[in-house]
There are 2 protein chains.
Amino acid sequence: MSTPPKISRNPDRTRRKLLQAAIRLFSRHGLHAVSVDQVVGLARVNKRMVYHYFGSKDALFEAALAEVYKRIEAIEFHAVERGRSPREKLARLLESYFEFLDQEPEFTRLLQWENLEKGRHLTKENHLLSKNPFFERFRAIVQDGVAAGEFRADVDVTHLMIHFIGLCFIYHSNRFSLSQSLDLDLGQAKVKARGLSQVLRLVFEGIASPASAAKLGAA
Amino acid sequence: MSTPPKISRNPDRTRRKLLQAAIRLFSRHGLHAVSVDQVVGLARVNKRMVYHYFGSKDALFEAALAEVYKRIEAIEFHAVERGRSPREKLARLLESYFEFLDQEPEFTRLLQWENLEKGRHLTKENHLLSKNPFFERFRAIVQDGVAAGEFRADVDVTHLMIHFIGLCFIYHSNRFSLSQSLDLDLGQAKVKARGLSQVLRLVFEGIASPASAAKLGAA
DNA sequence: CCGGGCAGTAACCCACCGGTTACTCAGGCC
DNA sequence: GGCCTGAGTAACCGGTGGGTTACTGCCCGG
């Protein structure tokens, strides 16, 4: 074996365990509600190692954020390519993103904590600016759709992207207050499913070109 | 004078000062990043008073949340009634809400902290479930619009409300990560203004009935 | 086979945490 | 005018916070 199987000295493993514990705890409770002692307790690693590998609690949070952010790149967009038109492709892409947020609460929540901290940990040159496959596919598909006459020529792709992200995030970001105010549990699978279908409906009716809208209206 | 102007003993004033300081600090930094000492320091009040008036740090947070939540009720919706059609009224209402979020960051942020804490402080019987004028006007106007044939008969009012709130919130909740990823400062007034106009566009095209859509398309 | 750098440990630092004690005193009521 | 309740104060509590010190010993290059 290239790497020894059982070890008392294993830098990679220790680093990974710290990162994993940090992601879990910080995403659930936020940076300030979690102590370094709790992180190392969960990771079963000596406290000193946090400072050895990361330097500070803040830097550990930053590393955790960068780590979950990479998960976007792992979304499998192969279903998207099966769409036979820009409209179908966009629908698949949006479904993938909605699903992603739902299945990766560590990403969703960590990103929200970070935004509430005004992006303190992402202002530096970390990976968030690097090419995001979702953004790139989104832009390309919408442009194709406009070229094909399916979408309005005057759609603002950037704001449309923001809006779509907003339509997905709201089910998580304001889940508890909305659930209480509307007396409808947004955590239920069927509520989320209906939410997604209504989002798609709104978006597609909202950006359809007059010509394709007439077709949809007739159907 | 009914109330003496300078005082060493003034329950209302002390309570209000604590609440005000709590709202300011908790909305900016979150519950766990703010100490009771910081709150009483800003309020210039003795620490013991927090426990005298509220009982605990958590209860103080809860009171702060309830306080800002009441601000929704203070939104002036008079502009809404000037709309000459459901469509125009809805546009005014949406504008008011978007403005409200923008001008009341203490509300917006406190609500987000609370949702990340899974609604711990709003599960109890506080005012959040009580009638919310925005929700009520929204529902009524959409129903009028459907009856008047301006909006599709099959719009889901509840999800539409969620979606609209999501479209507004995203400009605040993910402001920093989106600004960095898109290389576009979402804090700028003109970006927000364009965002709002695009939101309205998306929503109205998205819920227009085929008949009224044809009219809009022709315009 | 041995020397040095790096992974890992235990114990410690002290400022500050949320919360409490024990107290003073202001002022409305009879 | 005395008294009782509640507003207000200062000092204090044990525990825990992020971060550090001083150390051990593994393992790889020579």
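Up top you'll find the structure we're talking about.
The structure presented is a predicted model; accordingly, all values stated were derived computationally and were not measured. (Residues numbered from 1 in each chain as written. Chains lettered and ligands numbered in written order. Predicted model: local features only at pLDDT ≥ 70, side-chain atom pairs only at ≥ 80, totals over all residues. Heavy atoms only, no water.)

## Some thoughts on the pattern of salt bridges
Thought 1: If you walk through the whole model with that rule in mind, you get 26 salt bridges over all chains.
Thought 2: With a shortest N-O distance of 3.0 Å, Glu106 of chain A and Arg71 of chain A are connected by a salt bridge. Note that Glu106 of chain A is positioned in helix α7 (residues 105–116) and Arg71 of chain A in the loop between α4 (57–69) and α5 (78–81), a separation of 35 residues in sequence.
Thought 3: Assessed through its relative accessible area of 22%, Glu106 of chain A is described here as partly exposed.
Thought 4: The salt bridge partner of Lys192 of chain A is Asp102 of chain A, with a shortest N-O separation of 2.9 Å. Of this pair, Lys192 of chain A sits in helix α11 (residues 189–207) while Asp102 of chain A sits in helix α6 (residues 86–103), placing them 90 residues apart in sequence.
Thought 5: A relative accessible area of 18% means that Lys192 of chain A is categorised as buried.
Thought 6: Residue Asp102 of chain A is classed as partly exposed on the basis of its relative accessible area, which comes to 28%.
Thought 7: The network of salt bridges with common partners includes Arg152 and Asp154 of chain A together with Arg201 and Glu205 of chain B. (Salt bridge = Lys/Arg side-chain N within 4 Å of Asp/Glu carboxyl O. Helix = DSSP H or I, 4+ residues; strand = E, 2+ residues; numbered from the N terminus. Buried < 20%, exposed > 50% of the residue type's maximum accessible area, 1.4 Å probe, protein only.)

## Re the relation of the copies chain B and chain A
Thought 1: The transform that puts chain B on chain A rotates by 180° and translates by 0.0 Å along the axis, for an RMSD of 0.1 Å. A rotation of that kind, with that shift, is consistent with a two-fold axis. Among all residues of chain B, the one whose C-alpha sits closest to the rotation axis is Gly206 of chain B, at a distance of 1.9 Å.
Thought 2: Here 100% of the interface residues in chain B have copies in chain A that are interface residues too; the copies meet face to matching face. (Least-squares fit on C-alpha atoms with pLDDT ≥ 70 in both. Contact = heavy atoms within 4.5 Å.)

## Details of empty space enclosed by the protein
Thought 1: Overall, the coordinates contain seven cavities of 30 Å³ or more when judged by the stated rule.
Thought 2: If you add up the space inside the largest cavity, you get close to 90 Å³.
Thought 3: Where the lining of the largest cavity is concerned, the elements lending two or more residues are α7 and α9 (157–173) of chain A together with α10 (175–182) of chain B.
Thought 4: Here the lining of the largest cavity takes three residues from α10 of chain B, the largest share from any one element.
Thought 5: Residue composition of the lining of the largest cavity, grouped by class: nine nonpolar, four polar and no charged.
Thought 6: Considering only enclosed or pocket space, the second largest cavity measures out at about 80 Å³ in volume.
Thought 7: What lines the second largest cavity is simply Asn174, Ser177, Leu178 and Ser181 of chain A together with Tyr69, Ile72, Tyr97, Phe107, Leu111, Asn132, Phe135 and Ile165 of chain B.
Thought 8: Those elements that place two or more of their residues in the lining of the second largest cavity are α10 (175–182) of chain A together with α7 (105–116) of chain B.
Thought 9: Counting residues per element, the lining of the second largest cavity draws most heavily on α10 of chain A, which supplies three residues.
Thought 10: A class-by-class count of the residues in the lining of the second largest cavity yields eight nonpolar, four polar and no charged. (1 Å grid on protein atoms, 1.4 Å probe; cavity = no way out; pocket = protein on both sides within 12 Å on 5 of 7 lines; lining within 4 Å. Points joined across faces, edges and corners; volume = space filled by probe spheres on them. Nonpolar A, V, L, I, M, F, W, Y, C, P; charged D, E, K, R; others polar.)

## Concerning the protein's contact with DNA strand C
Thought 1: Every one of the 20 residues lining DNA strand C counts as a neighbour, but Arg9, Asn10 and His52 of chain A together with Val36 and Lys57 of chain B are closest to it.
Thought 2: Restricting attention to atoms of DNA strand C within 4 Å of the protein, one finds that 50% of them are sugar or phosphate atoms.
Thought 3: In this structure, a phosphate oxygen belonging to DNA strand C sits 3.1 Å away from a side-chain N or O atom of Ser35 of chain B.
Thought 4: A distance of 3.0 Å separates a phosphate oxygen of DNA strand C from a polar side-chain atom of Asp37 of chain B. (Near = heavy atom within 4 Å. Polar contact = N/O pair within 3.5 Å; in protein donor to acceptor, adjacent residues only side chain to side chain.)

## Regarding the protein's contact with DNA strand D
Thought 1: The full set close to DNA strand D counts 20 residues, and Arg9, Val36 and Lys57 of chain A together with Arg9 and His52 of chain B are the nearest of them.
Thought 2: Sugar and phosphate atoms form 48% of the subset of DNA strand D atoms that lie within 4 Å of the protein.
Thought 3: Residue Ser35 of chain A places a side-chain N or O atom 3.4 Å away from a phosphate oxygen belonging to DNA strand D.
Thought 4: Put simply, the parts of the chain that give the surface near DNA strand D at least two residues each are α2 (36–43) and α3 (48–53) of chain A together with α1 (11–29) and α3 (48–53) of chain B.
Thought 5: When residues of the surface near DNA strand D are assigned to their parent elements, the largest contribution, four residues, is made by α3 of chain B.

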